[in-house]
Amino acid sequence: MRKFLSTAVITALMAGTVSFAQAQEKQSVEVLHWWTSGGEAAALNVLKKDLEKQNIGWVDMPVAGGSGVQAMTVLRARVTAGDPPTAVQLLGFDIIDWAKQGVLGNLDSVADKEGWGKVVPDALQKFAKYDGHWIAAPVDIHSTNWMWINKAALDKAGGKVPQTWDELIALLDNFKKQGIVPIAHGGQPWQDSTVFEAVALSFGDDFYKKAFIDLDPATLGSDTMKQVFDRMTTLRTYVDPNFSGRDWNLASAMVIDGKAGVQFMGDWAKGEFLKAGKVPGKDFVCARYPGTQGAVTFNSDMFAMFNVAKDKVPAQMAMASAIMSPAFQVAFNTVKGAAPARMDVSDEKFDACGKKAIADVKAANADGRMLGSMAHGYADPAAVKNAIYDVVTRQFNGELTSEQAVKELVTAVAAAQ
Ligand code: GAL
């Protein structure tokens, strides 16, 4: 229904300062997201500005908490109350779960017109489509098997990026001798599991797949899995005493400030380095976690559009279209730290780490080495993910031995399915 125009707008129209289209009731989107750190907020701003240019208003619904743990609780409450936000940042299996509940809108009209199917990698389409229909617009491709190293500290240690577990331990020992915290870590379950999955991946794609994607009990309970936990115990000895509960971006800040040597974290960490004015190759080094080169444990942030009143749908479609525009994917991801979600975007405007991220995604996609991140909801539904989180965190905090953790992993995963 067309709204009446206010006197101020009519005056502006008569004076010719606004067009009739602008004078019409401004469309807006309410966006639920968890991008509240410095780098994340800077990237989100790129999206807000893009929509502003199209005269689409932005109603911000931020829910702080890395990886969206708290945001998902708020979302559930809103949907249960019958008042979903128009657009929601979602990951992996959560998207499919909401689609199954029939609460998501259909983006086919935009997606088909713009040919999303030809440019979005299949690994992502599995989560952006449900029952053959587009239900979400992917904004980026992050991956978790990265290390972020302070360049000055690395140089003091001889400048060589570790390629193996033994080289990594030698570097961590060197950081200790330099008097800095070797590993910047935030003790929150999702962060513990982000490190855990990189360690697991270093035992091979097959092991990772069988354990976290196939949920094969023999692999979950294997001696190799025990070795993964043993390595977590070792890594724990390089973490400072105040790690518990620390937010991921504060851990990044430790590496940025030279108080710590390395952080094992997805490439959203790069957003923090850039926000602090740091330059890849000069101030910090990005490299794949030792032994995981060539593989990419991905998590792609997607915006799903919830079923809302009909008059809000055009703004949803405009937002979906804006997200998928090649120019926007470049503008956003050069700030966010991720690779674009489309495979046809040039890497020209990306820094060295961004170029590597794009090349890695391309190669992994061609080689069948794009593996969904367990820690970020791309390997398993939330119940299974949370069951794994629980065991990983208890073991990392010394509540379980590696042997106990392996056994608990098998039973917890079975119970969660
Ligand atoms: C991830 C998400 C990233 C980043 C990170 C930390 O799950 O994909 O975009 O926001 O959490 O909050």
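To be clear, the structure that these remarks concern was listed above.
Keep in mind that this is a model prediction, so the values were computed, not measured.

**Q** Could you give an account of the sheet that holds strand S8 (residues 146-150), with specific residues and numbers?
**A** Here we have four strands laid out as an open sheet, ordered S9-S10-S8-S11, and mixed in their pairing. Both outer strands of the open sheet, strand S9 (181-183) and strand S11 (284-288), are each paired with one neighbouring strand and no more. In this sheet, neighbouring strand axes are inclined to one another by 20° on average, regardless of whether the strands run parallel or antiparallel. Two strands pair when backbone bridges link them, and S8 and strand S10 (residues 260-264) are joined in this way by three bridges, in the antiparallel orientation. Residue pairing for S10: Trp148 is matched across the bridge by Gln263.

**Q** Could you give me a rundown of the pattern of salt bridges, with the residues and numbers involved?
**A** Where charged atoms from two side chains of opposite charge come close, those side chains can pair. Per the stated rule, a full pass over the model turns up 16 salt bridges. Note that Arg342 and Asp344 form a salt bridge whose closest N and O atoms lie 2.9 Å from each other. Each of Glu30, Arg78 and Asp83 takes part in a single network of salt bridges with overlapping partners.

**Q** Explain the site of the ligand residue by residue, including any values.
**A** Around the ligand lies a shell of 13 residues, among which Glu40, Asn299, Asp301, Lys336 and His376 are the nearest. One nitrogen or oxygen atom from the side chain of Glu40 is found 2.5 Å from an oxygen atom belonging to the ligand. In the complex, the protein chains occlude 100% of the 300 Å² of accessible area that the ligand would expose alone.

**Q** I'd like a rundown of the side chain of Glu30, residues and numbers included.
**A** Tracing the sequence through the fold places Glu30 in strand S1 (residues 27-33). When its relative accessible area of 19% is taken as the criterion, Glu30 is described as buried. Engagement of the side chain of Glu30 in a polar contact is seen with the side chain of Arg78, the distance being 2.8 Å. Once residues lying within four places of it in the same chain are set aside, the contact partners of Glu30 are Val59, Met61, Arg78, Pro85, Thr86 and Ala87.

**Q** Can you lay out helix H4 (residues 69-80) for me, pointing to particular residues and giving the numbers?
**A** Its twelve residues place the ends of H4 17 Å apart at the C-alpha level, agreeing with the 16 Å of an ideal helix rising 1.5 Å per residue. Among all positions in H4, only Ala71, Met72, Leu75, Arg78 and Val79 are buried. Viewed end-on, H4 has its buried residues packed into an arc of 120°, placing them on one side of the element. Those residues of H4 that are exposed and angled more than 90 degrees off the buried face are Thr73 and Thr80. Check the buried side of H4 and you find it contacts S1, strand S2 (56-62), strand S3 (87-90) and helix H5 (92-100). Phi for Gly82, located one or two positions after H4, is positive at around 75°.

Each value, and the rule that gives it
- Residues numbered from 1 in each chain as written.
- Predicted model: local features only at pLDDT ≥ 70, side-chain atom pairs only at ≥ 80, totals over all residues.
- Heavy atoms only, no water.
- Pairing = 2+ DSSP bridges.
- Helix = DSSP H or I, 4+ residues; strand = E, 2+ residues; numbered from the N terminus.
- Axes fitted to C-alpha atoms, helices over the stretch in contact; angles between N-to-C directions.
- Salt bridge = Lys/Arg side-chain N within 4 Å of Asp/Glu carboxyl O.
- Near = heavy atom within 4 Å.
- Polar contact = N/O pair within 3.5 Å; in protein donor to acceptor, adjacent residues only side chain to side chain.
- Areas by Shrake-Rupley, 256 points an atom, 1.4 Å probe, with all protein chains shown as cover.
- Buried < 20%, exposed > 50% of the residue type's maximum accessible area, 1.4 Å probe, protein only.
- Contact = heavy atoms within 4.5 Å.
- Expected span 1.5 Å × (residues − 1).
- Arc of directions from axis to C-beta.

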